[in-house]
Amino acid sequence: VSSLTAGLLLSMPIVVPVLEWVAQSPRAHGLNLSQALMWSTNWYDLLGIVCPQPFGDLQILGAVHLPLVATRPVYQPYVQSCFLGPIFVTAAIWGFTDKTWRWRHLTLLVLFCILILCLGEFTPVTPWMMQVMPALTMFRYPIKWIFFFLAGIILAAARGANAFSNSWVTNVGRWTAISVWIGFLLLAIPL
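Residues numbered from 1 in each chain as written. Predicted model: local features only at pLDDT ≥ 70, side-chain atom pairs only at ≥ 80, totals over all residues. Heavy atoms only, no water.

A. Focus on the packing of helix α6 (residues 104-118) against helix α8 (residues 146-165). One can describe the packing of α6 onto α8 by two numbers: an axis separation of 9 Å at closest approach and a directional angle of 155 degrees. Taken together, the axis directions place α6 and α8 in an arrangement best described as roughly antiparallel. Along this stretch, α6 crosses α8, giving a crossing that reads as left-handed. Listed contacts from α8 to Thr107, Leu111, Ile114, Leu115 and Cys118 of α6 are Ile146, Phe148, Phe149, Gly152, Ile153 and Leu155. (Axes fitted to C-alpha atoms, helices over the stretch in contact; angles between N-to-C directions. Helix = DSSP H or I, 4+ residues; strand = E, 2+ residues; numbered from the N terminus. Parallel < 35°, antiparallel > 145°, perpendicular 65-115°, else oblique. Left-handed = near helix turned anticlockwise from the far one by under 90°. Contact = heavy atoms within 4.5 Å.)

Written out as structure tokens, the structure is:
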């Protein structure tokens, strides 16, 4: 702890000019809402967490259905690196249905709140928060917050993997996972 404190104190003179630059930045006083919310998470980003390229390669400029996928001004789907895949999602379902995990309800609540914030302009919550507290526009591009959503899913998946390795997966967990994947299959059949 003392070496970490000494390192922080030694690096402080480097931070002083940055404090002056931040004070002069237009971002320090809030940005235009349309600019701050431009990269809000859309349905394709959320689906991309579970399914790799669920509707073909729509990530390419010139794709016929690209405007349906990219709801942003430059029509580029932003985050392909959010992909966790079906195994992680299944393990997360098992983790959330593990009744011995005391933090599951709190983790679900935090994940829900973060998801609402990630949706940005697609819900009234994030624009309202940024209008009430303009300094929040410094943290522009709500899709960046999806990192915390993914971290919560990974935490639940670790709990689910632990439950699986110790044969603690409940019947509720099994049937919930089966139902989710049957739902995905039924959605994919017409496509």
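Next comes the rest of the account.
B. Representation of the nonpolar core. One finds Ile49, Ile146, Phe149 and Ile153 to be the most contacted residues of the largest nonpolar core, which totals 28 residues. Of all elements in the fold, only α3 (43-50), α5 (86-96), α6 and α8 reach the threshold of two or more residues within this core. Discounting chain neighbours no more than four positions away, the residues touching Phe149 are Ile49, Leu111, Ile114 and Leu115. (Core = buried A, V, L, I, M, F, W, Y, C linked by side-chain atoms within 4.5 Å. Buried < 20%, exposed > 50% of the residue type's maximum accessible area, 1.4 Å probe, protein only.)

C. A look at the environment of Phe164. Tracing the sequence through the fold places Phe164 in helix α8. What makes Phe164 exposed here is its relative accessible area of 53%. A sequence separation of 69 residues divides Phe164 from Gly95, and the C-alpha atoms of the two residues are 9.0 Å apart. The residues contacting Phe164, other than those within four sequence positions of it, are Trp94 and Val169.

D. Looking closely at α8. Between its first and last C-alpha atoms α8 spans 28 Å; for 20 residues at 1.5 Å apiece the expected length is 28 Å, and the two agree. Of all the positions in α8, only Ile146, Phe149, Leu150, Gly152, Ile153, Ala156, Ala157, Gly160 and Ala163 are classed as buried. All buried residues of α8 project into a common sector of 155 degrees when viewed along the axis, lining one side. Along α8, the residues that are exposed and aim more than 90 degrees away from the buried face are Phe147 and Ser165. Phi for Ser167, located one or two positions after α8, is positive at around 55 degrees. (Expected span 1.5 Å × (residues − 1). Arc of directions from axis to C-beta.)

E. Spotlight on α5. Buried residues dominate α5, accounting for 8 of its 11 residues. Among the residues making up α5, those that are buried are Val89, Thr90, Ala91, Ala92, Ile93, Trp94, Gly95 and Phe96. Next to the buried residues of α5 lie α3, α6, α8 and α9 (171-188).

F. Examining the side chain of Thr90 more closely. Take Thr90: it is sitting in helix α5. The buried category is assigned to Thr90, whose relative accessible area is 15%. Those residues in contact with Thr90 that lie beyond four places of it in its chain are Ala177 and Trp181.

G. Main features of the environment of Trp175. Here Trp175 lies in helix α9. Distance from Trp175 to Ile93, taken between C-alpha atoms, is 9.9 Å for residues 82 residues apart in sequence.

H. Focus on the packing of α5 against α9. Put simply, α5 and α9 touch, their axes get as near as 8 Å, and they point 145 degrees apart. Once α5 is placed against α9, the crossing between them reads as right-handed. Touching Pro86, Val89, Thr90, Ile93 and Trp94 of α5 are Gly173, Arg174, Thr176, Ala177, Val180 and Trp181, all from α9. Across the contact of α5 with α9, the residue classes tally to 7 nonpolar, 3 polar and 1 charged. (Nonpolar A, V, L, I, M, F, W, Y, C, P; charged D, E, K, R; others polar.)

Everything listed here is a matter of coordinates, which is why it stays silent on function.
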